[in-house]
Structures are given as structure tokens and as C-alpha cells.
Amino acid sequence: MPKDFDRSDCFTVEGKLALPYTYFAGKVGSKFITTLRDQKKILGIKCKTCNKVFIPPRQTCALCMEDMRENWVELKNEGEVSNYTVVRYDGKHLPRKAPFILAMIKLGGADTPMAHILEGIQPEEVKIGLKVKPIFARETTNTILDIDHFEPL
Ligand SMILES: [Zn+2]
């Protein structure tokens, strides 16, 4: 907005907007979450053409557009950190109070990493390749936070 902008000609109203909604994760996303919730199993999905296993699972292969929806693969409950950052600000949308570690974790059997919270280690001690395991939440939230966090093996 230009410095010399004159607001006296503008009619404005300040307000807040609440927007209730229901999000449907789709058939593939729903099976991923309900299997995590009910069986404490982390599923990936495999493209038979590319031979890649994706997590989070998706219906269509991002590489070749093949329909993968029935090619479920159970991933290992261990993996390694492929990248990470330290979140240093608080926000209503964030799952933890800052600071916390947000890591990209490649589970055994998967070709793509998933983002999740890493705990039980100081940020300066985290290394790429660190072996980690999921810690499942005691109570379900019916979200990816049914994995409460990952921690070093
Ligand atoms: Zn593919």
C-alpha cells in the first residue's frame, strides 16, 4: 500500500471468521489413518510400475500416474532421519510448543520420507541417518498424531 494512501475514503469492517468444515481424506487416506488407529500399523502404498513405496500413501503414483490404491505395504516400525529442522515459533496449528524437532523420517520399506515430530534427543545431537522408532499415542485422535512422535532407537 502506498505511503500516501488515504484511508478516509475507505469503508472497512474488522471481524473474525470461523469456518467449520469436514475434511474427507479419501479412501486411501482413510485406510492409512484407520489402520494406524486400530492396528498401530503404518502402511505405505506401492507402485507396481515404478516399484516405489510411498508414504503417506496416495491413490495415484506421482511418477507414472499408475493407480496404486490396492497395493498396500506394511512398513517397519523403524526408520531413519533423512532431514530435520527445529521449529522455533509457536502457532495454534503446530502440534507442540516450540522448540521441537520436525524430522523427515524414512521408514523401513518406504522410498519416501514422512514428516513427524522427533523427541528424546537434543536438536544439536540429531544426525542424518539417526535410527528412530514410532511411539504410538495412548489415545487416538484419528489423525497422524496417533503416532505421538518418533524417538531414537
Ligand atoms: Zn509409478
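Counting of residues starts from 1 at the beginning of each chain's written sequence and follows it residue by residue. This being a predicted model, a pLDDT of at least 70 is required before a residue's local features are given, and a value of 80 or more before pairs of side-chain atoms are given or counted; all residues contribute to the totals for chains, interfaces and linings. By convention in this description, side-chain values take in all heavy atoms of the structure and omit both hydrogens and water.

## Thoughts on helix α1 (residues 26–39)
In step 1: The end-to-end C-alpha distance of α1 is 19 Å, a good match for the 20 Å that 14 residues give at a rise of 1.5 Å each.
In step 2: When a residue's accessible area, from a 1.4 Å probe over protein chains only, is under 20% of the maximum for its type it is buried; when over 50% it is exposed; and in between it is partly exposed. Runs of H or I in DSSP of at least four residues are treated as helices and runs of E of at least two as strands, each being numbered from the N terminus. Among all positions in α1, only Gly-26, Val-28, Gly-29, Phe-32, Ile-33, Thr-35 and Leu-36 are buried.
In step 3: Residue contacts follow a heavy-atom distance rule, with two residues in contact if any of their heavy atoms lie within 4.5 Å. Tucked inside the fold, the buried residues of α1 contact β1 (43–47), β3 (72–74), β7 (131–136) and β8 (147–152).
In step 4: Backbone geometry just after α1 places Lys-40 at a positive phi near 55°. By this rule, a helix spans an expected 1.5 Å times one less than how many residues it contains.

## Here we look at the sheet that holds β3
In step 1: Taken in spatial order, the three strands of this open sheet run β2-β1-β3, and their pairing is antiparallel. In the strand order of this sheet, the two ends are held by β2 (52–54) and β3, each with one partner. Taking each pair of neighbouring strands and ignoring which way they run, the sheet shows an average axis angle of 40°.
In step 2: Paired strands are those between which DSSP finds at least two bridges. Bridge analysis of β1 against β3 gives three bridges, and the strand direction is antiparallel. By the bridge assignment, Gly-44 is partnered in β3 with Val-73.
In step 3: With respect to the sheet, α1 is in contact with β1 and β3, its orientation differing from that of β1 by roughly 145°. The axes used here are C-alpha line fits, helices contributing only the stretch in contact, and every angle between their N-to-C directions lies in the interval 0 to 180 degrees.

## Details of the pairing of strand β4 (residues 79–87)
Walk down a regular strand and you will see the side chains alternate between the two sheet faces.
In step 1: Here eight bridges tie β4 to strand β5 (residues 100–107), and the two strands are oriented antiparallel to one another. Its bridge partner lying in β5, Gly-79 is registered against Leu-107.
In step 2: Across two bridges, β4 lies against β7 in antiparallel orientation. By the bridge assignment for β7, Glu-80 is matched with Lys-131.

## Considerations on the nonpolar core
In step 1: Only buried Ala, Val, Leu, Ile, Met, Phe, Trp, Tyr and Cys residues count toward a nonpolar core, and they belong to the same one when joined by side-chain atoms within 4.5 Å. Ranked by size, the top nonpolar core spans 29 residues in total, and within it Ile-42, Ile-55, Leu-107, Leu-118 and Phe-150 carry the most contacts.
In step 2: The set of elements that each furnish at least two residues to this core consists of α1, β1, β2, β5, β6 (114–118) and β8.
In step 3: With residues near it in sequence (within four places) discarded, Leu-107 still touches Ile-42, Ile-55, Leu-75, Lys-76, Glu-78, Gly-79, Met-114 and Phe-150.

## Description of the side chain of Thr-112
In step 1: Tracing the backbone shows Thr-112 in the loop between β5 and β6.
In step 2: The residues touching Thr-112, leaving out its near neighbours within four places in the chain, are Val-53, Phe-54, Ile-55 and Lys-106.

## Side note on the side chain of Asp-146
In step 1: Here Asp-146 shows up in the loop between β7 and β8.
In step 2: When charges are counted, Lys and Arg are positive and Asp and Glu negative, with His and the chain ends excluded. Just to be clear on terms, a salt bridge is a Lys or Arg side-chain nitrogen sitting within 4 Å of an Asp or Glu carboxyl oxygen. There is no salt bridge for the buried Asp-146, and the closest opposite charge comes from Lys-40, which lies 5.5 Å off by N-O distance.
In step 3: The term polar contact refers here to a pair of N or O atoms within 3.5 Å; inside protein, the definition further demands a hydrogen-donor-capable atom paired with an acceptor-capable atom, and it admits residues adjacent in sequence only when both atoms are side-chain atoms. From its side chain, Asp-146 meets the backbone nitrogen of Thr-141 in a polar contact 2.7 Å long.

## Quick look at the environment of Thr-35
In step 1: With respect to the helices and strands, the residue Thr-35 is situated in helix α1.
In step 2: Considered as a pair, Thr-35 and Asn-142 are 107 residues apart in the sequence and their alpha carbons are 10.0 Å apart.
In step 3: What Thr-35 contacts, discounting residues up to four positions off in sequence, is Lys-40, Lys-41 and Leu-43.

## Structural notes on unusual backbone geometry
In step 1: Following Ile-55, the chain continues to Pro-56 via a peptide bond in cis, the omega torsion being -5°.
In step 2: Within the element layout of this structure, Pro-56 appears in the loop between β2 and β3.
In step 3: If you check the backbone angles, Met-65 has positive phi at about 70° while not being a glycine.
In step 4: Looking at the secondary structure, you find Met-65 in the loop between β2 and β3.
In step 5: The exposed category is assigned to Met-65, whose relative accessible area is 61%.

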